[in-house]
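Chains, contacts and geometry: an overview
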Amino acid sequence: MNQSLPLQSKLQLRLASRLLWPALFLVSGVPALFRFAQTGAVSELLTGAGFVLFAVSAFLAPLTPEWKFSARLNQEAAIGPKKFHQVVEVVSLLSIAVGLGLRVYHTFQGVN
């Protein structure tokens, strides 16, 4: 991984991807957090927090198809260590999966 690029140069690499994906994840996550504030449903909190974490991860390490761009350039565009990105992505996935699982469970139980 090339750490020699300054932060400003890293931010300019993959700028469209760095802004588009987090915006999409925030559009999915923020309403769930507002629903949590209204209803207190833990499933909404977990789902919303997971999407917000994905937005942070997608900003720090822009999502691009590997077949279209080189992996080396993707690593140069990433801000922060790769291990941190992996941990945030796993926590995000688990949070969303548990949140959606709770929603399905509560739907079958007839509880909101």
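Calculation criteria
- Residues numbered from 1 in each chain as written.
- Predicted model: local features only at pLDDT ≥ 70, side-chain atom pairs only at ≥ 80, totals over all residues.
- Heavy atoms only, no water.
- Salt bridge = Lys/Arg side-chain N within 4 Å of Asp/Glu carboxyl O.
- Helix = DSSP H or I, 4+ residues; strand = E, 2+ residues; numbered from the N terminus.
- Axes fitted to C-alpha atoms, helices over the stretch in contact; angles between N-to-C directions.
- Parallel < 35°, antiparallel > 145°, perpendicular 65-115°, else oblique.
- Left-handed = near helix turned anticlockwise from the far one by under 90°.
- Contact = heavy atoms within 4.5 Å.
- Nonpolar A, V, L, I, M, F, W, Y, C, P; charged D, E, K, R; others polar.
- Phe/Tyr/Trp six-rings, centres within 6.5 Å; stacked < 30°, edge-to-face > 60°.
- Lys NZ or Arg CZ within 6 Å of the ring centre and 35° of its normal.
- Buried < 20%, exposed > 50% of the residue type's maximum accessible area, 1.4 Å probe, protein only.
- Polar contact = N/O pair within 3.5 Å; in protein donor to acceptor, adjacent residues only side chain to side chain.
- Expected span 1.5 Å × (residues − 1).

1. Considerations on the pattern of salt bridges
In the structure shown here, the tally under the stated rule is 2 salt bridges. For Glu44, the salt bridge identified is with Arg103, shortest N-O distance 2.8 Å. Of the two residues, Glu44 sits in helix H3 (residues 42-60) while Arg103 sits in helix H5 (residues 82-109), which places them 59 residues apart along the sequence. Each of Arg35, Glu44 and Arg103 takes part in salt bridges that share partners, so that together they form one network.

2. A closer look at the packing of helix H2 (residues 15-39) against H3
Between H2 and H3, the shortest axis-to-axis distance is 7 Å and the interhelical angle comes to 165°. What the angle tells us is that H2 and H3 run roughly antiparallel. Handedness of the crossing formed by H2 with H3: left-handed. Across from Arg18, Leu19, Trp21, Pro22, Phe25, Leu26, Ser28, Gly29, Ala32, Leu33, Arg35 and Phe36 in H2, the residues of H3 making contact are Val42, Glu44, Leu45, Gly48, Ala49, Phe51, Val52, Phe54, Ala55, Ala58, Phe59 and Leu60. Classifying every residue of the contact of H2 with H3 gives 18 nonpolar, 3 polar and 3 charged.

3. Brief notes about the packing of aromatic side chains
The full count for this structure, using the stated rule, is 3 aromatic pairs. Here a set of aromatic residues connected by ring pairs shows up, and it is made of Trp21, Phe25, Phe51 and Phe54. When the ring centre of Phe59 is taken as reference, the NZ or CZ atom of Arg18 above it lies at 5.6 Å.

4. Here we look at the environment of Gly99
Looking at the element boundaries, Gly99 is found in helix H5. What makes Gly99 buried here is its relative accessible area of 0%. In sequence terms Gly99 and Ala41 are 58 residues apart; their C-alpha atoms lie 9.6 Å from each other. In contact with Gly99, not counting residues within four places along its chain, are Ser43, Leu46 and Thr47.

5. Remarks on the side chain of Glu44
For Glu44, a relative accessible area of 11% puts it in the buried group. A polar contact of 2.8 Å, which involves the side chain of Glu44, links it to the side chain of Arg103. For Glu44, the residues in contact, after removing those within four places along its chain, are Ala32, Leu33, Arg35, Phe36 and Arg103.

6. Focus: H5
Residues that lie three or four places apart on an α-helix share one face, since the helix turns once every 3.6 residues. The end-to-end C-alpha distance of H5 is 40 Å, a good match for the 40 Å that 28 residues give at a rise of 1.5 Å each. Looking only at H5, the buried set comprises His85, Val88, Ser92, Ser95, Ile96 and Gly99. Summarising the contacts, the buried residues of H5 are in contact with H3. Immediately downstream of H5, the backbone of Gly110 shows phi near 80°, a positive value.

7. Quick word on the packing of H3 against H5
H5 packs onto H3 with a crossing angle of 155° between their chain directions and a minimal axis gap of 7 Å. Relative to H5, the element H3 lies roughly antiparallel. Where H3 crosses over H5, the two elements pack in a sense that is left-handed.

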